[in-house]
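Fold and geometry: a report
Listed below are the residues making up each chain.
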Amino acid sequence: MKEGANVILVPVDFEAASMKAIELARDLGARLGHRVVLLHVYQLPVYTYPGLEPALMPGFHAEVSAAASRAVQQLSAQTGGLSTALREGDPATEILAAADEQGAAMIVMGTHGRRGLTHLFLGSVAEQVIRKSNVPVLTVRVAS
């Protein structure tokens, strides 16, 4: 943990587990005197076909980025004006990088709690973050 770290980073995907993580982080932040920062990481879809260079439609990147920005700003407004950050790329990698850049004291994130083949094929962003994080990671799962 960095000295003077006073940020709780909350990666959000706008699903129920993220909303629960925000509630918990806000409570922890109030008790500890830490600032809560909402982080949304988005990925652009890349399609590849034999003999065809992967390309995005003109303007697609800007549209996705703008939509992601609007969504995280709206969530900030709904949750009392929390600080926000937006990144593009692999979610686990970007969450860890943002935690380092923000000097986060901890990460509070939702998890879908997938099991079996679904977990095997989709992996778990939370699991990757837990394994590689230099700061404590608290996961929140919504009962199904």
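In case you missed it, the structure is sitting above this.
What this report covers is the structure whose coordinates are included nearby. Keep in mind that this is a model prediction, so the values were computed, not measured.

Conventions used here
Residues numbered from 1 in each chain as written. Predicted model: local features only at pLDDT ≥ 70, side-chain atom pairs only at ≥ 80, totals over all residues. Heavy atoms only, no water. Salt bridge = Lys/Arg side-chain N within 4 Å of Asp/Glu carboxyl O. Buried < 20%, exposed > 50% of the residue type's maximum accessible area, 1.4 Å probe, protein only. Core = buried A, V, L, I, M, F, W, Y, C linked by side-chain atoms within 4.5 Å. Helix = DSSP H or I, 4+ residues; strand = E, 2+ residues; numbered from the N terminus. Contact = heavy atoms within 4.5 Å. Pairing = 2+ DSSP bridges. Axes fitted to C-alpha atoms, helices over the stretch in contact; angles between N-to-C directions.

We now examine the pattern of salt bridges. Enumeration over the complete set of coordinates arrives at four salt bridges. Of the charged contacts in the structure, one is a salt bridge between Arg87 and Glu94, with a shortest N-O distance of 2.7 Å. The burial state of Arg87 is the same as that of Glu94; both residues are buried. Taken together, the salt bridges that share partners define one network made up of Arg87, Glu94 and Glu101.

By size, the foremost hydrophobic cluster in this structure holds 17 residues, and its most contacted members are Leu9, Leu39, Ile95, Ile107, Met109 and Val129. Elements with a contribution of two residues or more to this core: strand 1 (7-11), strand 2 (35-42), helix 3 (91-102), strand 4 (104-111) and helix 5 (125-132). Among the elements that make up this core, the one with the highest residue count is helix 3 (five residues). Leaving out residues up to four positions away in the same chain, Ile107 has contacts with Leu9, Pro11, Ile95, Ala99, Val129, Ser133, Val135, Pro136, Val137 and Leu138. By size, the runner-up hydrophobic cluster in this structure holds 14 residues, among which are Val10, Val12, Ala21 and Met106.

In this section: the environment of Gly80. Turning to its location among the elements, Gly80 is positioned in the loop between helix 2 (60-78) and strand 3 (83-88). Taking the relative accessible area as the measure of exposure, Gly80 reaches 63% and is therefore exposed. Counting along the chain gives 54 residues from Gly80 to Arg26, while the straight-line C-alpha distance between them is 9.7 Å.

This next bit is on the sheet that holds strand 2. What the five strands build is an open sheet, ordered 3-2-1-4-5; its pairing is parallel. Each edge of the open sheet is held by one strand with a lone partner, namely strand 3 and strand 5 (137-141). Taking each pair of neighbouring strands and ignoring which way they run, the sheet shows an average axis angle of 25°. The sheet contact formed by strand 2 and strand 3 spans six bridges and is parallel. Across the sheet, Val37 pairs through a bridge with Ser83, a residue of strand 3. Sheet contacts for helix 1 (residues 16-32): strand 1, strand 2, strand 4 and strand 5; angle to strand 4, the most-contacted strand, approximately 150°. Most of the contacts of helix 2 go to strand 2, to which it runs at about 155°, and overall it touches strand 2 and strand 3.

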